[in-house]
Amino acid sequence: EVQLVESGGGLVRAGGSLRLSCAASGFTLDDSAIAWLRQAPGKEREGISCISRDGDTYYTDSVKGRFTISRDNAENMVYLQMNNLKPEDTAVYYCAFPLAPCEHATEYHDWGQGTQVTVSS
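Each chain has its residues counted from 1, following the order in which its sequence is written. Selection of residues for local features in this predicted model requires a pLDDT of at least 70, selection of side-chain atom pairs for listing and counting requires 80 or more, and totals for whole chains, interfaces and linings are taken over all residues. Note: side-chain values were computed over all heavy atoms of the structure, leaving out hydrogens and water.

Draft legend 1. Structural detail: the state of the cysteines. Two cysteine sulfurs form what is called a disulfide whenever their separation falls within 2.5 Å. Under the counting rule described, the total for this entry stands at two disulfides. Note that Cys22 is cross-linked by a disulfide to Cys95, the S-S spacing being 2.1 Å. Between Cys22 and Cys95, the S-S dihedral sits near 80°, and the bridge is therefore right-handed. You can see Cys22 sitting in strand β3 (residues 18-25) and its partner Cys95 sitting in strand β9 (residues 91-98), a full 73 residues away along the chain. Burial classes follow relative accessibility: with a 1.4 Å probe on protein chains only, a residue under 20% of its type's maximum area counts as buried, one over 50% as exposed, and anything between as partly exposed. Its relative accessible area of 0% is what places Cys95 among the buried residues. The side chain of Cys50 participates in a disulfide bridge whose partner is Cys102; the two sulfur atoms lie 1.9 Å from each other. Where Cys50 bonds to Cys102 through sulfur, the torsion about that S-S bond is close to -65°, and the disulfide is left-handed. Here a helix means four or more residues in a row that DSSP labels H or I, a strand means two or more in a row labelled E, and each is numbered from the N terminus.

Draft legend 2. A look at the pattern of salt bridges. A pairing counts as a salt bridge when a side-chain nitrogen of Lys or Arg comes within 4 Å of a carboxyl oxygen of Asp or Glu. On inspection of all chains with the given rule, the structure shows four salt bridges. Salt-bridge contacts for Asp89 lead to Arg66; the nearest nitrogen and oxygen are separated by 2.7 Å. Taken together, the residues Asp89 in the loop between β8 (77-82) and β9 and Arg66 in the loop between β6 (57-59) and β7 (67-72) connect sequence positions 23 residues apart. Pair check on accessibility: Asp89 and Arg66 agree, each one buried.

Draft legend 3. Expanded view of the pairing of β7. Judged by which residues are buried, β7 turns out to be one-sided: Phe67, Ile69 and Arg71 face inward and are buried, whereas Thr68, Ser70 and Asp72, on the alternate face, are not. What makes two strands pair is DSSP finding at least two bridges between them. For β7 and β8, the ladder comprises six bridges, and the chain directions are antiparallel. Counted as the bridge partner of Ser70 is Tyr79 from β8. In textbook terms, the turn of a hairpin is the stretch between consecutive antiparallel strands, and for β7 and β8 this stretch comprises four residues, one of which, Asn76, has a positive phi near 55°.

Okay, here's the thing in structure tokens:
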């Protein structure tokens, strides 16, 4: 069974950092691009970062320069290092498969339960 499980969320003050983890199972991570999405209260789920199977990385403008996506194929893990967090980063964060190559992805599938990130001001 293909599964993505997110972890690492929590409560942090503005300016702080968190590292989210996405544990993959049931498939070969080497062959897959993986995206991080988030859904803030009252807003639609949005893609914020993506890493291609070749390791190319993509970020939405609101997180560029603050977030870093990485992958460890040997451990079947994808990470999202989040620095200089802002209250507007508060959301549930998910990892998922993009339905198109990272640079064109707008739809995703098979996200997990998500992990809550709350940034206080």
